[in-house]
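Notes for the structure review
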Amino acid sequence: MVTQLTSHMNEGEAEEPVTLVVDGTRVTVPRSATILEACRQAGQDVPTLCFLKGINEIGSCRICMVEVEGSERLVASCNNYVAEGMVIHTNSPKVRLARRENTRLLLSQHDVECPTCTRSDSCHLLDIATSLGVIGKPRQQMLMHSPWPQGFPLIRDNDKCIRCMRCIQVCDKMQSSHVWDITNRATHTFVDVARGADINDVDCTLCGQCITHCPTGALRERDDVERVYDALADPTVTTIVQIAPSVRTSWGDFWGLDDEQATIEHLVAALRPMGFDYVVNTDFSADLTIMEESAELLVHMRRNASGEGSGYPMFTSCCPGWVRFCKAHYPQLVDGLSTSKSPQGMFGAVVKSYYAERLGIDPHRIFCLSIMPCLAKKAEVAYPNLNDACGDPDMDCSLTVREIVRMLRADHVDVFALKPEPFDEPLGYGSGAGIIFGATGGVMEAALRTAYHVVTGEAPKSDMFEDVRGLEGWKEATFDMAGTEVRVAVASGLGNARRLCDAIVAGEASYDFVEVMACPGGCVGGGGQPIHEGEELAGARGQVLYGLDRHETYRNSYENPSIVQCYEEYFGEPLSERAEELLHTDQHGWLMPAEWIRQAEEAPTAE
């Protein structure tokens, strides 16, 4: 008997064990288990393509088909339940034939120009076709050739889309943004922007989770590598590159480097021979962000306590994906967003002002690049109001981790022979608080450490704010700060952010400070990180950052000697006039597409 997976067991119903046989191996699993789960427990790695547990269990690709004795037809193992006494064959001649034919059908709707695809080394469809021995040209191809604006930070190539629906489900269920949907019918069915809109006209947050969960190259980031090569080739331009905290947890993945070989100092050594003039540490500007944001938090709390504020909490603003989501879906909360620029934005402003003055460089001849685990950073560098240092954009370009890996490969960098090198001073040092920025809860913990010091004059205990750590999608905590209770919340993943914001707007939850990161697990799970099919690595990557924090000489932002020097020589103090001018921004200074369209429609027309 095969039971189609349509719902889970009733709440409170006993989990009765079921015994079945998979390829001759007897296995006992809960009655609520799927055939796929039973097969994997029996040690049989049934291939899947469209399947994402809890998100996409629709059985559309038909690659996970298995043979169940007593059933005339093969069944999809990912969305059918087990039954007592079931006998399953995962690799019978009938199963192998079906998988090969289904793979050929998928390839007939897929552009198989693999050498020119950014996913040629991480394409799950290619892995499956190779493992099944699918050789030669597929059936007659039927490609969509649908146009796409190539200037948008996120690129969709429907000639590579296999209609697995993962991007739709991830965007709907996990990120609550509803950008993608099915268009047309039958053989003309394809995935596109919902309601047939242009991607430039919808409120995509650019979290990039659709990219990291796509099994092929149908979704990718806009490739900005050539812009960087052009800057490196111009002798009149000074190139300065910053590296984000979480990049150190993933840049070595392609080569299988271990933690000792893939430190941030090894990446510094890899970048210098490529021609970058200065390699600096985004951890520094993460500390700078904390100095400004923690000071801003104390002002915000005083205003709310006096009745002068909105009553809403202050929200972090370092994640541009979250800022886009807030502006699109919760405009009433935008005034609660911290005005502090993200670490990327602060670094650009500091490089083209303070750093340029120290080095005696014309800021107009600086090309400021960031290496980020994020897609939304590409949009952030182009916002029209982030140009406070010299009138030019504070940041010129942002690359994902995947793009910098492609550059290292193109330059034939021998990553195994690298010797660690330090960052360039004075912007080369970051505290442990700056390092943990890349993990969910890290910004909150870093800010509270400094706020506690400002209020009490004492250093916080090392484990004082650990309650905000962990991968739970919505966390709450209350801390005592010199007799004042500080109520905080942390959310990662935009679906969790929506639940939290709904509760705040409805008056069902009340906080002083809220951290939101668009990607589950934080930047370590960012949409610009290397892609590993079937693996969610945010937890492991986050632990790397917390481990580094524990061993730092300076664990708090206010202790960072480079930060102390920067304020003494240039900014004076947090929230000073110069700090407000360079390190803060107007969150209303740019509009999301839907708001821009609405304002354009409401604008009076000239007679």
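Residues numbered from 1 in each chain as written. Predicted model: local features only at pLDDT ≥ 70, side-chain atom pairs only at ≥ 80, totals over all residues. Heavy atoms only, no water.

For the protein, the name recorded in an unreviewed UniProt entry is [FeFe] hydrogenase, group A, with Olsenella profusa F0195 as its organism.

**Quick notes on the nonpolar core**
Counting 94 residues, the largest nonpolar core has L154, W180, I243, W251, L271 and W322 as the members making the most contacts within it. Two domains each provide a minimum of three residues to this core, namely domain 2 (109–222) and domain 3 (225–583). Once residues lying within four places of it in the same chain are set aside, the contact partners of L271 are V241, I243, F276, V279, I371 and I404. Among the nonpolar cores identified, the runner-up in size contains 28 residues, and F284, F347, M395 and C566 belong to it. (Core = buried A, V, L, I, M, F, W, Y, C linked by side-chain atoms within 4.5 Å. Buried < 20%, exposed > 50% of the residue type's maximum accessible area, 1.4 Å probe, protein only. Domains from an automatic or database assignment. Contact = heavy atoms within 4.5 Å.)

**A closer look at the sheet that holds strand β12 (residues 238–243)**
In space, the four strands of this open sheet follow the order β13-β12-β15-β16, with parallel pairing throughout. Both edges of this open sheet fall to β13 (278–281) and β16 (397–400), since each of them pairs with a single strand only. This sheet shows a mean twist of 25° between the axes of neighbouring strands, independent of strand direction. Pairing of β12 with strand β15 (residues 366–372), which is carried by six bridges, proceeds in the parallel orientation. The partner of I240 across the bridge, within β15, is C368. Taken strand by strand, helix α7 (residues 264–271) contacts β12, β13 and β15, and its axis lies near 160° from that of β12. This element, helix α8 (residues 282–306), spans β12, β13 and β15 of the sheet and lies at about 40° to β13. (Pairing = 2+ DSSP bridges. Helix = DSSP H or I, 4+ residues; strand = E, 2+ residues; numbered from the N terminus. Axes fitted to C-alpha atoms, helices over the stretch in contact; angles between N-to-C directions.)

**Observations concerning the domain arrangement of the protein**
Partitioning the protein into domains gives domain 1 (11–105), domain 2 (109–222) and domain 3 (225–583). Once you take the C-alpha centre of each, domain 2 and domain 3 turn out to be 30 Å apart. Taken together, the 25 residues of domain 2 in the interface contact 28 residues of domain 3. Across the interface of domain 2 and domain 3, roughly 2200 Å² is buried in total on both sides, 52% from carbon and sulfur atoms. For domain 2, the biggest contributors to the area lost against domain 3 are T205, L206 and E221; these three give 24% of the whole. Linking domain 2 with domain 3 are four salt bridges, by the criterion used here. The partner of E221 in a salt bridge is R406, with the nearest N and O atoms 3.6 Å apart. Counting across the interface, domain 2 meets domain 3 through 14 residue pairs in polar contact (both at pLDDT 80 or more). When residues of the side of domain 2 that touches domain 3 are traced back to their parent elements, those giving at least two are α4 (166–174) and α5 (209–212). For the side of domain 2 that touches domain 3, the element with the highest residue contribution is α5, accounting for three residues. Grouping the amino acids of the side of domain 2 that touches domain 3 by side-chain chemistry returns eight nonpolar, 11 polar and six charged. (Buried area = accessible area lost by both parts, 1.4 Å probe. Salt bridge = Lys/Arg side-chain N within 4 Å of Asp/Glu carboxyl O. Polar contact = N/O pair within 3.5 Å; in protein donor to acceptor, adjacent residues only side chain to side chain. Nonpolar A, V, L, I, M, F, W, Y, C, P; charged D, E, K, R; others polar.)

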